[in-house]
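In case you want the letters, here they are:
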Amino acid sequence: MRSMTALAAVLGLVVTLLVPAAGFAQELTLRPVVDGSATDSDVNGEGDFVVDGLASVLVGFNTVFGPGEYRGVYEFDLQTVQSCGDVDATLRLNLTGTHLDGSDPDLTLYGGSGDGALEASDFQSGGFVTAFSAFDANPFNEFDVSADVQRVIDARAGFVSFVVRPNPSAAAGRGAFLYSSNEIADAFGFLPSVLSLTCRS
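Residues numbered from 1 in each chain as written. Predicted model: local features only at pLDDT ≥ 70, side-chain atom pairs only at ≥ 80, totals over all residues. Heavy atoms only, no water.

## Remarks on the environment of Asn-94
Thought 1: Mapped onto the elements, Asn-94 comes out in strand β6 (residues 86-100).
Thought 2: In sequence terms Asn-94 and Ser-193 are 99 residues apart; their C-alpha atoms lie 5.3 Å from each other. (Helix = DSSP H or I, 4+ residues; strand = E, 2+ residues; numbered from the N terminus.)

In structure tokens form, the structure reads like this:
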């Protein structure tokens, strides 16, 4: 009888150890591997140059770097979470200020797969995610991007890309919103823009 009781206790322990493993969740905070601006200088709907590694991520029109539309580009490396069966993802973009006259605060976010490099073609990449106001930042504009990240993981694409587009109604203006880049965060102590994940296997 004692041996049966001991066996039951061992089996109970095994079951207890296995149940939490099935619901294992890993929390990660990723900094971008790409953060910069893709620009359409001749306003023909296609990007033709990028602004990277200089300052903040620009979202607006007609900046000191030249005329045209500037879209903010962020990419995050998901290669370490390819085994994630279910994910909750929040994109947090840190608004650090405005450039020149600023821009219309009504912006749009696009998302899709990336390649880990900032390219002019990023200007027109991604599918619509949501519209938002830059002025809602405190200090972050926050977005639930779980579905977008899950699609990239399921496709084993490696990188997820997000593009912030300015309001076309501000095209005649001169200025932009400034979002935190890795360079600005490290040099001046701003909070970086990040992608927060809860990954369940």
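Having put the structure on the table, let's press on.
## Describing the nonpolar core
Thought 1: One finds Leu-78, Val-149, Tyr-179 and Leu-195 to be the most contacted residues of the largest nonpolar core, which totals 30 residues.
Thought 2: If you list the elements that add at least two residues to this core, you get β4 (57-63), β5 (66-77), β6, β7 (106-114), α2 (146-154), β10 (159-165), β11 (175-179) and β12 (194-200).
Thought 3: The biggest single contributor to this core is β6, with five residues.
Thought 4: In this structure Leu-78 touches Leu-30, Val-149, Val-152, Ile-153, Gly-158, Phe-159, Val-160, Leu-195 and Leu-197, once residues within four positions along its chain are discounted.
Thought 5: Val-34, Ala-38, Val-73 and Leu-118 belong to the second largest nonpolar core, which has seven residues in total. (Core = buried A, V, L, I, M, F, W, Y, C linked by side-chain atoms within 4.5 Å. Buried < 20%, exposed > 50% of the residue type's maximum accessible area, 1.4 Å probe, protein only. Contact = heavy atoms within 4.5 Å.)

## Digging into the environment of Ala-134
Thought 1: Structurally, Ala-134 can be placed in the loop between β8 (127-133) and β9 (140-144).
Thought 2: When the C-alpha atoms of Ala-134 and Tyr-179 are compared, they prove to be 9.9 Å apart, with 45 residues separating the residues in sequence.
Thought 3: For Ala-134, the residues in contact, after removing those within four places along its chain, are Leu-95, Pro-105, Leu-107, Asn-141, Phe-177 and Tyr-179.

## Observations concerning α2
Thought 1: For α2, every residue scored as buried is listed here: Ser-146, Asp-148, Val-149, Gln-150, Val-152 and Ile-153.
Thought 2: Contact partners of the buried residues in α2: β6, β7, β8, β9, β10 and β12.
Thought 3: Two residues or fewer after α2 comes Arg-156, characterised by a positive phi angle close to 55°.

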